[in-house]
Amino acid sequence: MKIYYICEFCERVFSVVEVEGEEGEVQVQGMCDECALEMGLVAPASLSQHFYS
């Protein structure tokens, strides 16, 4: 089953998680990092990106 996290402000899918279980799709409302940062709810340091080579 796929779970789609949709930002309640910009209405874009910001995360997709696939879990074992019955086939289907579930939409979960939340807030993407970009909107959270724009609204001042998240400090920029906590939105770190990790790159591995």
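Residues numbered from 1 in each chain as written. Predicted model: local features only at pLDDT ≥ 70, side-chain atom pairs only at ≥ 80, totals over all residues. Heavy atoms only, no water.

Enquirer: Account for the overall build of the protein, naming residues and giving values.
Expert: Of regular secondary structure, the protein possesses 1 helix and 3 strands. Helices and strands in the protein line up, N terminus first, as β-β-β-α. Counting the 53 residues in the protein, one finds 13% classified as buried. Of the roughly 4,600 Å² that the protein leaves accessible, carbon and sulfur atoms contribute 50%. (Helix = DSSP H or I, 4+ residues; strand = E, 2+ residues; numbered from the N terminus. Buried < 20%, exposed > 50% of the residue type's maximum accessible area, 1.4 Å probe, protein only. Areas by Shrake-Rupley, 256 points an atom, 1.4 Å probe, with all protein chains shown as cover.)

Enquirer: Let's hear about the packing of aromatic side chains: which residues, and what values?
Expert: Scanning the entire structure with this criterion turns up 1 aromatic pair. Between tyrosine 5 and phenylalanine 14, the ring centres sit 6.2 Å apart and the planes meet at 45°, which makes this aromatic pair tilted. Among the residues examined, tyrosine 5 registers a relative accessible area of 27% and is labelled partly exposed. Given a relative accessible area of 36%, phenylalanine 14 falls into the partly exposed group. (Phe/Tyr/Trp six-rings, centres within 6.5 Å; stacked < 30°, edge-to-face > 60°.)

Enquirer: Any chance you could break down the state of the cysteines for me, citing the residues and the numbers?
Expert: Inspection of every chain in the model, using the stated rule, returns 0 disulfides. In this structure cysteine 7 is not part of a disulfide, and its nearest cysteine sulfur, from cysteine 35, lies 3.7 Å away. Cysteine 35 provides the cysteine sulfur closest to cysteine 32, a residue in no disulfide bond, and the two sulfurs are 3.6 Å apart. (Disulfide = S-S within 2.5 Å.)

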